[in-house]
Amino acid sequence: MALQSTVSTSAGRILVVDDDKRARDFIVSCLRADGHEVDASGTGLEALRMLGRSWYDLIVSELRMPELDGPSLYSEVTRRWPSPPPMLFVSGLGNTAAYDGFLEVIRAPLLTKPFRSGSLRRIIKRLLE
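Residues numbered from 1 in each chain as written. Predicted model: local features only at pLDDT ≥ 70, side-chain atom pairs only at ≥ 80, totals over all residues. Heavy atoms only, no water.

1. What about the side chain of R24?
- Topologically, R24 is positioned in helix α1 (residues 21-33).
- Aside from chain neighbours lying at most four places away, what touches R24 is V16, D18, D19, A40, S41 and G42. (Helix = DSSP H or I, 4+ residues; strand = E, 2+ residues; numbered from the N terminus. Contact = heavy atoms within 4.5 Å.)

See the structure below:
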């Protein structure tokens, strides 16, 4: 099934961080179909290295990953860069209650997997405006 853009968005540079390859590939495909320049990482540590070499307008990150999870990635990004890019978090967890306080404090949106491409595109558009 070909991905078609259903939401007009202004193109941006986006970093997708997810240890689940299928989810990462789906997100990357959706965003590239909308004309975004997208890089992808399977770990939070690799994402930090990528951020050290190139800047992104937005980071899409899984909440729970080995080595460096989403909240830890957020903490490192905000510690290292005074004006960090906005972040969108995704999660395959049925219960994200452990992360609710974190998400509320930083006011970051969360998409729960599985999600539709239209939901992803609407949030991306809002975050890039």
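Once you've had a look at it, read on.
2. With respect to the sheet that holds strand β2 (residues 37-41)
- Reading across the sheet, the five strands line up as β2-β1-β3-β4-β5 and stay open at both edges, with parallel pairing between neighbours. Looking along the sheet, the strands with just one partner apiece sit at the ends: β2 and β5 (110-112). Pairwise comparison of adjacent strand axes, ignoring direction, gives a mean angle of 20° for this sheet.
- Relative to β5, strand β4 (residues 87-91) is paired through three bridges, and the arrangement is parallel. Of the residues in β5, the one forming a bridge with S91 is T112. (Pairing = 2+ DSSP bridges. Axes fitted to C-alpha atoms, helices over the stretch in contact; angles between N-to-C directions.)

3. Considerations on the pattern of salt bridges
- One pass over the full model with this rule turns up nine salt bridges.
- A salt bridge links R13 to D39; the nearest nitrogen and oxygen atoms lie 3.9 Å apart. With R13 in strand β1 (residues 13-17) and D39 in strand β2, this pair connects stretches of sequence that are 26 residues apart.
- Between D25 and K21 there is a salt bridge, with its nearest N and O atoms 2.6 Å apart. In this pair, D25 and K21 both sit in helix α1, four residues apart, roughly one turn of the helix.
- If you follow the salt bridges from partner to partner, you end up with R13, E37 and D39 in one network. (Salt bridge = Lys/Arg side-chain N within 4 Å of Asp/Glu carboxyl O.)

4. Section: the nonpolar core
- Core analysis: the biggest nonpolar cluster contains 22 residues, and L15, L73 and F89 have the highest contact counts within it.
- Ignoring any residue separated from it by four or fewer positions in sequence, one finds L15 in contact with D39, A40, A47, M50, L51, Y56, L58, I59 and V60.
- Counting residues in hydrophobic clusters, the runner-up holds 17 residues, among them I27, L58, V90 and L111. (Core = buried A, V, L, I, M, F, W, Y, C linked by side-chain atoms within 4.5 Å. Buried < 20%, exposed > 50% of the residue type's maximum accessible area, 1.4 Å probe, protein only.)

5. Side note on the side chain of D69
- Within the fold, D69 resides in the loop between β3 (58-62) and α3 (70-80).
- Within the buried core, D69 has no salt-bridge partner, and the shortest N-O distance to an opposite charge, that of R64, equals 8.3 Å.
- There is a polar contact of 2.7 Å between the side chain of D69 and the side chain of S72.
- Among all residues touching D69, those that are not within four sequence positions of it are L63, R64 and Y99. (Lys, Arg positive; Asp, Glu negative; His and termini not counted. Polar contact = N/O pair within 3.5 Å; in protein donor to acceptor, adjacent residues only side chain to side chain.)

These results come straight from atomic positions and should not be treated as a statement about function.
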